[in-house]
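# Coordinate inspection notes
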Amino acid sequence: MYCSVMSGGIRGIDGFSVSVETDVSSGLPGFDIVGFVGSEVKEAKDRVRTALKNTGYMLPVARITINLSPGDIKKTGTGFDLPIALSVLSCMEEIRAEALEDVFVAGELSLSGEVCPTKGILPMIMMAKRCGIRKCIIPAANSAEGAVVEDIRVYPVSSLAQTVDLLSGNCDIKPVKNRLLTHLHTGKQYEHDFVQIRGQETARRGAEIAAAGLHNILVIGPPGAGKTLLAKCIPSILPPLSKEECLEVSAIYSIKGALSSDNPLIVRRPFVAAHSSSTDISLVGGGAVPRPGAVSLAHKGVLFLDEIPEFSRRSLETLRQPLEDGKVCITRNRDICVFPSDFMLIAAANPCPCGHYPDMNKCTCDEKKRARYLSKISGPFLDRMDLCIQANKVTCADLQGSGMPESSEAIRDRVIAAHDIQRRRFKGSGIQFNSQMGNRDIEKYCSLGRQESALMRELAEKQEMSARTYYRMLKVARTISDLAGREHISEEAILEAVRLKSRVLI
Ligand SMILES: [Zn+2]
């Protein structure tokens, strides 16, 4: 007897189709799983055999061979338990073979025959839909994830016995109601909003410019200046995620097992904070079975690195590839896993080791100590930062200031308008935002008038700017002009761009 059931595996953030084939034939009794499988898949043998027994099915005394095809991509995870059990039952004629045609199945089995949740259900259902499948059977605990994919019927099951009943037409499980639009329309409010930030005019303005051109920024300020709050507010001034982006970001969280029934779709731009003690794997992803790291969980959102001088050079080095390419490539088992990592980076640092500089009454660091501290963030990492903004301690006057600070919504409207200008400007050029311009693009899109050119030259000479700093200033000036809706870069924009950088970035 032979039977085949469709299931799926995960490669990077995409699902791929796996055909679970079972053959039961006479011969020496045995139960083998073949087809380039990881150790969890090999262990499925014992889980499936016991779950079948505890559901009331005795395996035939025969040779049972399971093959997971295609044989050239490694299959990992525990989601193959349920399809293996069903294909065995189909060979035993407990389930009609036709009932399993064009059905996608995934789920882990407990020894008692319960169907347990599995990681990566969302990208797998998206893949099944692309393959033209119209019916999916998944663990009930993953049903909220399944309910966000449109135009496919998703049946949640909680036990092997219930699955057999469903396929035999003996039980009335309804497909989950699609909730994609509900999720998209509700809960887009951000927890952190610029209305919560009083004072800090320079930092607010810097954050707006950074969001408008998607520039990475370094925020320097003493402890208690609200650097973290400022960073947390930035996702709220970026344009809302599109439906496709929501699904793409959610797929990454699904693979990580980080979606819940309360939060099955990521509808807000992510904010991910990484600490200096984070391991390389938790930062950029990896592991024996590659999993996404912080840079991918921050995809389409913000990655925040607090106390950046505390990060080891090695950690900062590992961030270089994701920052430059917008993706992480991990090679495993002759295969390459690609995780997207297109994020905006916000790094924060104290102005000196004690944190109080330039308040010389409190700062206990000498010049040498300060220089050594900030030099830790020099080099290639700093090259990726376009802006450096100063956050100051909030004063009493700030807190008592009249009027409400401007809300994120109002700032977001200006940011979206600036993004629209950039989209039109860069159409067909392969880049999207001012921050992505190379030197050639800068020469093409940031041409200066006679007066502006003279001003730039004067500033560059006075401040002994390197060529790199010069180009960086022009990129930021381009964004400032876009925010003002100006076609040409103005003198005011140049002056503001120069004001917004600190000595650290020269
Ligand atoms: Zn100090």
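In this convention, every chain numbers its residues from 1, walking through the sequence in written order. At least 70 in pLDDT is required for a residue's local features to be given in this predicted model, at least 80 for side-chain atom pairs to be given and counted, and no such filter applies to totals for whole chains, interfaces and linings, which use all residues. As a rule here, side-chain values cover all heavy atoms of the structure and leave hydrogens and water aside.

## Quick notes on unusual backbone geometry
Rules: A run of H or I in DSSP counts as a helix once it spans at least four residues, and a run of E counts as a strand once it spans at least two, with each numbered from the N terminus. The classification of residues rests on relative accessible area computed with a 1.4 Å probe and restricted to protein chains. Under 20% of the type maximum is buried, over 50% is exposed, and intermediate values are partly exposed.
Cis rather than trans, the peptide bond between serine 69 and proline 70 has omega equal to 10°. When you line up the elements, proline 70 lands in the loop between strand 4 (63-69) and helix 3 (81-91). Not every positive phi belongs to a glycine, and aspartate 151 is a case in point at roughly 60°. Looking at where aspartate 151 falls in the secondary structure, it is placed in the loop between helix 5 (143-146) and strand 9 (153-157). On the accessibility criterion, aspartate 151 (60% relative accessible area) is exposed. The phi angle at glutamate 307 is positive, at roughly 50°, despite the residue not being glycine.

## Things to note about the domain arrangement of the protein chain
What counts here: Residue ranges assigned to the domains are those given by an automatic or database domain assignment.
One can read the domain layout of the protein chain as domain 1 (2-178), domain 2 (194-416) and domain 3 (437-506). For domain 1 and domain 3, the distance between their C-alpha centres works out to 58 Å.

## Let's talk about helix 10 (residues 243-255)
The test is simple: For a helix, the expected span equals 1.5 Å multiplied by the number of residues minus one.
In this model helix 10 runs 19 Å from its N-terminal to its C-terminal C-alpha over 13 residues, within 8% of the 18 Å that 1.5 Å per residue would give. Every buried residue of helix 10 is listed here: Glu245, Cys246, Leu247, Val249, Ser250, Ala251, Ile252, Tyr253, Ser254 and Ile255. Positive phi appears at glycine 257, one or two residues downstream of helix 10, with a value of about 75°.

## What about the coordination of the zinc ion?
What counts, and what does not: Counted as coordinating are nitrogen, oxygen and sulfur atoms within 2.8 Å of the metal, or 3.2 Å for Na, K and Ca, while water is not included, which may make sites look incomplete.
Around the zinc ion, the protein contributes the donor atoms Cys352 (SG), Cys354 (SG), Cys363 (SG) and Cys365 (SG), which lie 2.2 to 2.4 Å from the metal centre. Linear spacing of the donor residues for the zinc ion on their chain is C-x1-C-x8-C-x1-C. Of this pair, cysteine 352 sits in the loop between strand 15 (344-349) and helix 15 (367-375) while cysteine 365 sits in the loop between strand 15 and helix 15, and the two are 13 residues apart along the sequence. On the basis of relative accessible area, cysteine 352 is assigned to the buried category, the value being 0%.

## Side note on the pairing of strand 9
The condition that has to hold: We treat two strands as partners when DSSP finds at least two bridges between them.
Counting buried residues along strand 9, four of its five residues qualify, which places the element largely inside the surrounding structure. When strand 8 (residues 135-139) meets strand 9, the two strands line up parallel, connected through five bridges. Looking across to strand 9, one finds that isoleucine 137 is bridged to tyrosine 155.

## Structural notes on the nonpolar core
Spelled out, the test is: Nonpolar core, defined: a set of buried Ala, Val, Leu, Ile, Met, Phe, Trp, Tyr and Cys residues in which side-chain atoms within 4.5 Å join the residues together.
Core analysis: the biggest nonpolar cluster contains 60 residues, and Phe104, Leu218, Leu303, Leu305, Ile308, Leu319 and Phe381 have the highest contact counts within it. Residues lining this core come from more than one domain, with at least three contributed by each of domain 1 (2-178) and domain 2 (194-416). With 52 residues, the next largest nonpolar core counts Ile234, Leu238, Met344 and Ala460 among its residues.

## Topic: the sheet that holds strand 11 (residues 271-274)
Formally: Axes here refer to lines fitted to C-alpha atoms; in helices the fit is confined to the stretch in contact. Angles between the N-to-C directions go from 0 to 180 degrees.
Strands sit in the order 11-12-15-10-16 across an open sheet of five strands; the sheet is parallel. Looking at strand neighbours, the two that pair on one side only are strand 11 and strand 16 (387-390), the edges of this open sheet. Across this sheet, the average inter-strand angle for adjacent strands is 20°, counted without regard to direction. By the bridge criterion, four bridges tie strand 10 (residues 217-220) to strand 16 in an arrangement that is parallel. Across the sheet, the residue bridging to leucine 218 is cysteine 388, located in strand 16.

## Considerations on the pattern of salt bridges
Note the threshold: Counted as salt bridges are all cases of a side-chain nitrogen of Lys or Arg within 4 Å of a carboxyl oxygen of Asp or Glu.
Using the criterion set out here, one finds 21 salt bridges in the structure. With its nearest N and O atoms 3.9 Å apart, the salt bridge here joins arginine 269 to glutamate 245. With arginine 269 in the loop between helix 10 and strand 11 and glutamate 245 in helix 10, the pair connects residues that are 24 residues apart, well separated along the chain. Taking relative accessible area as the criterion, arginine 269 reaches 12% and is therefore assigned buried. In this structure glutamate 245 comes out as buried when scored by relative accessible area, which is 18%. A salt bridge links arginine 320 to glutamate 317; the nearest nitrogen and oxygen atoms lie 3.8 Å apart. Looking at glutamate 317, the relative accessible area reads 43%, which means it is partly exposed. Shared partners join several salt bridges into a network, and the residues in it are Glu245, Arg269, Lys300 and Asp342.

## Digging into the packing of helix 20 (residues 450-462) against helix 22 (residues 491-499)
Stated precisely, the cut-off is as follows: Note on terminology: angles under 35 degrees are roughly parallel, angles over 145 are roughly antiparallel, angles of 65 to 115 are roughly perpendicular, and the others are oblique. Working rule for handedness: look at the near helix, and if it is turned counterclockwise from the far one by less than a right angle, call the crossing left-handed; if clockwise, right-handed. It only takes one pair of heavy atoms within 4.5 Å for two residues to be counted as in contact. Under the convention adopted here, Pro, Cys and the residues Ala, Val, Leu, Ile, Met, Phe, Trp and Tyr are nonpolar, Asp, Glu, Lys and Arg are charged, and Gly plus all remaining residues are polar.
Contact geometry for helix 20 and helix 22: axes closest at 9 Å, N-to-C directions at 20°. Taken together, the axes of helix 20 and helix 22 lie roughly parallel to each other. Here the hand of the crossing between helix 20 and helix 22 comes out right-handed. For the pair formed by helix 20 and helix 22, the contact residues are Gln451, Glu452, Leu455, Met456 and Leu459 on the first element and Glu491, Ile494, Leu495 and Val498 on the second. Along the lines of polarity and charge, the residues of the contact of helix 20 with helix 22 split into six nonpolar, one polar and two charged.

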